[in-house]
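Chain residues, written in single-letter form:
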Amino acid sequence: MSKETFVAFATQKGGIGKSTVTALAASYLHNVMGLNVAVVDCDAPQHSIHGLRERELKLIEESLYFKALACDHFRKIKKHAYPIVESDAVNALDDAEKLLANEEVKPDVVFFDMPGTLKANGVVKTLSQMDYIFAPVSADRFVVESTLQFATMFKDNLMTTGRAKTKAFHLFWTMVDGREKNGLYDLYEDVIAEMGLSVLSTRLPDSKKFRRDLSEERKSVFRSTIFPMDVSLLKGSGIREFSEEISRIIKPQ
């Protein structure tokens, strides 16, 4: 395997924004923090991140405004949009190696957007080759139980035994309802800590802005694989803090 840092966003539960967080973190690290990023979208068959890129490219191609905006953005950051490879869990590692072999500018970080179940073929094998794994979890008893089962299984059966190259496995709270009391999360985190698992300090809110894609109807964008997040929308989203916390953990060389 290559020397780039491999990072996976993985969960056993769908519908809690795993692909969205992957795209947002990749965008912030690439466009704002100056890292070179690549994404392997192996969340088949939906391939949400790859599909988002395709829709954005079509909009840019059909709009002089977005075409000019893209040119200005690329001149400003002095690099292209990060590459996205459409794959699946079985072929993800091979496709990542092909990407790295063909890219003129080698990525510092390769993000893998994994399927929402460990039962899919190739998922466990691919996860075992990740340097870092981040698992989203929401304050729902079924989601917490499923995620803790997944994290404990991976840590005990793969990390502890040396079958995985993974350096660290972190959970993170997402879809946090501002009306919920912090005590609920603190209670969960006490249990998680007793299990020897780690939770990121950044909690991502449940916000409609996370679904705000590029469109002709509105010029400000939040979820994008090409453009940086609108500054006004970035405030209060937790994405800046989340991305910086991840960056400190993975420490790409």
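Quick caveat: nothing in here was measured; it's all calculated off a predicted structure. (Residues numbered from 1 in each chain as written. Predicted model: local features only at pLDDT ≥ 70, side-chain atom pairs only at ≥ 80, totals over all residues. Heavy atoms only, no water.)

Student: Explanation requested: the sheet that holds strand 2 (residues 37–41) in the structure shown.
Tutor: Note on sheets: strands pair through backbone hydrogen bonds, and any given pair is parallel or antiparallel. Taken together, 7 strands build an open sheet; the order of strands is 3-2-4-1-5-6-7 and the sheet is parallel. Unpaired on one side and paired on the other, strand 3 (84–86) and strand 7 (198–199) mark the two borders of the sheet. As paired strands, strand 2 and strand 4 (residues 109–113) are joined by 5 bridges and run parallel to one another. Following the sheet pairing, D41 is matched in strand 4 by D113. Contacting strand 1 (5–9), strand 2, strand 4, strand 5 (132–137) and strand 6 (168–173), helix 1 (residues 18–32) crosses the sheet at an angle of about 165° to strand 4. (Pairing = 2+ DSSP bridges. Helix = DSSP H or I, 4+ residues; strand = E, 2+ residues; numbered from the N terminus. Contact = heavy atoms within 4.5 Å. Axes fitted to C-alpha atoms, helices over the stretch in contact; angles between N-to-C directions.)

Student: Honestly, the pairing of strand 2 in this entry has me stumped. Any pointers?
Tutor: In terms of residue burial, strand 2 counts as a mostly covered element, since 5 of its 5 residues are buried. Where strand 2 lies against strand 3, 3 bridges are found, and the strand directions are parallel. Residue pairing for strand 3: V40 is matched across the bridge by V85. (Buried < 20%, exposed > 50% of the residue type's maximum accessible area, 1.4 Å probe, protein only.)

Student: Quick question: what am I supposed to make of unusual backbone geometry here?
Tutor: A negative phi holds for most residues other than glycine; trans holds for most peptide bonds. Of note, the bond from A44 into P45 is cis; its omega dihedral lies within 30 degrees of zero at 5°. Along the chain, P45 falls in the loop between strand 2 and helix 2 (48–62). Phi is positive for K78, which is not a glycine, with a value near 60°. A positive phi angle, close to 55°, is found at M175, a residue other than glycine. As for its position among the elements, M175 is in the loop between strand 6 and helix 7 (182–194). On the basis of relative accessibility, which here comes to 34%, the residue M175 falls in the partly exposed class.

Student: Just checking my understanding: could you explain the pattern of salt bridges for this structure?
Tutor: It is possible for side chains bearing opposite charge to pair when their charged atoms get close. One pass over the structure, following the stated rule, counts 9 salt bridges. Here R141 and E145 are joined by a salt bridge, their closest N and O atoms 3.3 Å apart. With a gap of 4 residues between them, R141 and E145 both fall in helix 6 (residues 141–159), about one helical turn apart. Residue R141 is classed as partly exposed on the basis of its relative accessible area of 49%. (Salt bridge = Lys/Arg side-chain N within 4 Å of Asp/Glu carboxyl O.)

Student: Mind showing me how you'd approach the nonpolar core here?
Tutor: Soluble globular proteins tend to bury their nonpolar side chains together. Grouped together as the largest cluster of nonpolar side chains are 41 residues, with contacts concentrated most on F112, M114, L127, L171 and W173. At 7 residues, the largest contribution of residues to this core is made by helix 6. Ranked by size, the runner-up nonpolar core spans 32 residues in total, among them V7, V21, L35 and Y82. (Core = buried A, V, L, I, M, F, W, Y, C linked by side-chain atoms within 4.5 Å.)

Student: Teacher, can you tell me more about the pairing of strand 5 here?
Tutor: Two faces, one strand: in a regular strand the side chains alternate between the faces of the sheet. In terms of burial, strand 5 is a largely internal element, 6 of the 6 residues being buried. Side chains Y132, F134 and P136 project from strand 5 onto one buried face, and the interleaved I133, A135 and V137 project onto a second face that is buried too. Here 3 bridges tie strand 1 to strand 5, and the two strands are oriented parallel to one another. Residue pairing in the sheet places V7 in a bridge with Y132 of strand 5. By the bridge criterion, 6 bridges tie strand 5 to strand 6 in an arrangement that is parallel.

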